[in-house]
Amino acid sequence: MAALRISHFAPTAIVYFLLLSSSYPIFALNITSLLSTYPDLSDFANLLTASAVDGDLIHRSSLTLLAVPNSFLRSSDLTHRSSASSLADVIRYHVLLQYLSWPDIRQIPAAGKLITTLYQTTGRATNNFGSVNVTRNPANGVVSVHSPASYSPSNATILSLIKTLPYNVSIFTVNSLLVPYGFDLMASESRPPLGLNITKTLIDGHNFNVAASMLMASGVVEEFEADEAGAGITMFVPTDDAFADLPTTERLQSLPAGKKAVVLKFHVLHSYYTLGSLESIVNPVQPTLATEEMGAESFTLNISRVNGSVAIDSGIVQASVTQTVFDQNPVAIFGVSKVLLPREIFGNNPISTTRPSPNNEATGSAQAPDISSSPENSPGSYIPPSGMSSPPGFREELRSEAQINRAQRFILACAMSCIGLYVVV
């Protein structure tokens with residue numbers, strides 16, 4: 001009997017092959033899912049989705065996102081002055097390709113730190129103007145973000161840290177939309193002028209007379225037309241047949257004027273979506289104009305794709321998009337098969353439609369950030385107005401990652417134990 005010694009390099013090669021060819025999934029980052037628990041960041045999350053920038057981030061393992069809250073985003077006219085492709089690059093400019101924690105922020109020198117953004121990687125940035133310079137004032141601790149060009153007028157202040165997944169992702173809020181130096185917002189496309197006459201558009205559609213009459217009588221149509229600015233609007237308008245099919249128990253027309261206005265606002269998203277965007281929407285739970293008026297996590301719509309069409313669930317009824325009435329950025333109007341009845345008004349336990357007092361809002365919104373270790377008091381006064389819990393399924397993803405790592409270590413140990421073995425021939 002002869003003994004044939006196997007080379008010690010063979011098991012090592014096996015280990016290397018196993019690690020490289022492992023079929024274990026790589027952690028996929030879903031930024032819009034992380035932002036979904038913060039209603040005051042809904043416009044920014046929608047811009048991420050509409051511009052498809054969220055897809056650029058799926059397999060990024062280390063980044064810092066500078067998110068602009070609704071109140072600051074809507075006070076800027078940049079989003080409705082820019083073309084779709086230009087706006088996508090502006091959003092990329094808010095993605096820093098480096099993980100920054102609060103301790104990292106506190107150690108930034110007064111002279112600043114130059115950090116590459118996702119926009120820089122597109123090759124469309126001039127010189128290093130696709131990067132940002134992050135500086136910290138040692139006197140007051142205020143952290144600022146601006147273009148490397150010292151004469152650039154665009155800058156923002158970091159308000160607070162709202163989310164951190166250590167060593168992978170940090171999400172900070174900032175008080176302004178950042179624009180790269182020398183960036184031409186109107187480079188490739190032009191956006192149509194604002195001021196669409198919504199009621200005339202509905203009347204011209206020949207099947208939306210009831211909705212048009214309700215909008216004019218309630219006075220909310222002027223608010224809708226004003227909201228065309230910023231991220232735009234998407235309206236779901238019930239057909240005349242949908243109103244005719246309302247159960248006699250649901251007396252929409254007899255509601256007080258305030259409740260009727262809330263129901264109408266429940267049919268509108270404060271972001272522009274094409275039909276294709278709705279069909280592939282990442283975050284199905286969408287806030288409406290009623291959400292903004294009545295408070296976080298209320299009066300939301302669940303949007304999904306069912307049997308080849310876009311389905312909209314109000315919590316009581318499920319309607320489907322039947323036609324496109326108007327679609328031109330920044331306004332989309334879709335006909336729907338049913339009146340969207342909010343459960344907060346038509347459910348078993350309807351809630352008051354009186355807007356919460358400022359004191360109540362402050363009490364309900366001052367929750368601690370959902371981070372592994374709470375940072376010290378952050379500069380700025382902004383506090384996200386929503387709960388800071390991790391999105392559904394996120395902790396399960398982290399547990400899956402841990403299981404994958406244990407499995408890989410087990411494979412490595414087994415393969416390495418083969419070193420020095422002999423085969424008896």
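What you see is a predicted model, and the numbers here were worked out from it, not measured in a lab.

## Considerations on the overall build of the protein
Each helix and strand counted, the protein has 18 helices and 16 strands in total. Sorting the 425 residues of the protein into buried and exposed places 46% on the buried side. Of the accessible surface of the protein, which amounts to about 20200 Å², a share of 54% is contributed by carbon and sulfur atoms.

## A word on the nonpolar core
One finds Ile198, Leu215, Phe224, Met235, Phe236, Leu252 and Ile333 to be the most contacted residues of the largest nonpolar core, which totals 53 residues. Per element, the largest residue contribution to this core is five residues, and it comes from strand β15 (residues 331-336). In this structure, Phe44, Val53, Leu165 and Phe172 belong to the second largest nonpolar core, which totals 48 residues.

## Observations regarding empty space enclosed by the protein
Taking a probe equal in size to a water molecule and rolling it over the atoms shows the remaining empty space. On inspection of all chains with the given rule, the structure shows two cavities of 30 Å³ or more. Here the largest cavity defines a volume of roughly 90 Å³. Lining the largest cavity, in full, are Ala211, Leu215, Phe224, Met235, Phe236, Val237, Pro238, Phe243, Leu264, His267 and Val268. Here the lining of the largest cavity gets four residues from one element, more than from any other, and that element is strand β9 (residues 233-238).

## As for the packing of aromatic side chains
If you walk through the whole model with that rule in mind, you get five aromatic pairs. Considering the side-chain rings of Phe236 and Phe334, the 6.4 Å spacing of their centres and the 25° angle between planes classify their relative orientation as stacked. Within this pair, whereas Phe236 is found in strand β9, its partner Phe334 is found in strand β15, the two being separated by 98 residues in sequence. Grouping residues by exposure puts Phe236 and Phe334 together as buried. With centroids separated by 6.1 Å and ring planes inclined at 75°, the aromatic side chains of Phe266 and Phe299 adopt a geometry described as edge-to-face. Placement of the pair is Phe266 in the loop between α13 (257-265) and β10 (268-269) and Phe299 in the loop between α15 (289-294) and β12 (300-306), with a sequence separation of 33 residues. Comparing Phe266 with Phe299 shows no difference in burial state: the two are buried.

## Some thoughts on the pattern of salt bridges
Summed over all chains, the structure comprises six salt bridges. The salt bridge involving Asp89 is made with Arg92; its shortest N-O contact spans 2.8 Å. With a gap of three residues between them, Asp89 and Arg92 both fall in helix α7 (residues 84-92), about one helical turn apart. Taking the relative accessible area as the measure of exposure, Asp89 reaches 5% and is therefore buried.

## Some remarks on the sheet that holds strand β11 (residues 285-287)
Across the sheet, seven strands lie side by side as β10-β9-β15-β14-β13-β12-β11; this open sheet has mixed pairing. A single partner strand is all that each edge strand has here, and the edge strands are β10 and β11. Summarising the sheet, β9 and β10 pair through two bridges and their orientation is antiparallel. Following the sheet pairing, Thr234 is matched in β10 by Leu269.

## Some remarks on helix α10 (residues 209-218)
For α10, the full list of buried residues reads Ala211, Ala212, Met214 and Leu215. In a view along the axis of α10, the buried residues occupy a sector of 165°, so they form one face of it. Where α10 is buried, its residues contact α9 (198-204), α11 (220-226), β9, α12 (240-244) and α13. Backbone geometry just downstream of α10 places Gly219 in the positive-phi region, at approximately 85°.

## Things to note about the sheet that holds strand β8 (residues 169-174)
The mixed open sheet is built from seven strands, whose spatial order is β3-β2-β8-β7-β6-β5-β4. Looking along the sheet, the strands with just one partner apiece sit at the ends: β3 (95-96) and β4 (113-116). Bridging between strand β6 (residues 143-146) and strand β7 (residues 155-165) involves three bridges; their strand directions are antiparallel. Bridge pairing links His146 to Asn155 in β7.

## Let's talk about the confidence of the model for the protein
When pLDDT is averaged along the protein, the result is 74, and 66% of the positions lie at 70 or above. In the predicted structure, residues 1-26 sits below a pLDDT of 50 and forms 29 contacts with residues beyond four places in sequence or in another chain. Contacts from residues 186-193, a stretch scored under 50 in pLDDT, to residues over four places away or in other chains number 21 contacts.

## As for the pairing of β12
As defined by bridge partners, β11 adjoins β12 across three bridges and the pair is classed as antiparallel. Within the sheet, the bridge partner assigned to Gln286 lies in β12 and is Leu301. As defined by bridge partners, β12 adjoins strand β13 (residues 309-313) across five bridges and the pair is classed as antiparallel. Directly across from Ile303, in β13, lies its bridge partner Ile312. Hairpin connection between β12 and β13: a loop of two residues separates the two successive antiparallel strands, and Asn307 in this loop has a positive phi of roughly 50°.

## Topic: unusual backbone geometry
Of note in the backbone geometry, Phe299 takes a positive phi value of approximately 55° without being a glycine. Note on Phe299: relative accessible area 0%, which makes it buried.

Rules used throughout
- Residues numbered from 1 in each chain as written.
- Predicted model: local features only at pLDDT ≥ 70, side-chain atom pairs only at ≥ 80, totals over all residues.
- Heavy atoms only, no water.
- Helix = DSSP H or I, 4+ residues; strand = E, 2+ residues; numbered from the N terminus.
- Buried < 20%, exposed > 50% of the residue type's maximum accessible area, 1.4 Å probe, protein only.
- Areas by Shrake-Rupley, 256 points an atom, 1.4 Å probe, with all protein chains shown as cover.
- Core = buried A, V, L, I, M, F, W, Y, C linked by side-chain atoms within 4.5 Å.
- 1 Å grid on protein atoms, 1.4 Å probe; cavity = no way out; pocket = protein on both sides within 12 Å on 5 of 7 lines; lining within 4 Å.
- Points joined across faces, edges and corners; volume = space filled by probe spheres on them.
- Phe/Tyr/Trp six-rings, centres within 6.5 Å; stacked < 30°, edge-to-face > 60°.
- Salt bridge = Lys/Arg side-chain N within 4 Å of Asp/Glu carboxyl O.
- Pairing = 2+ DSSP bridges.
- Arc of directions from axis to C-beta.
- Contact = heavy atoms within 4.5 Å.
- pLDDT = per-residue confidence, 0-100.

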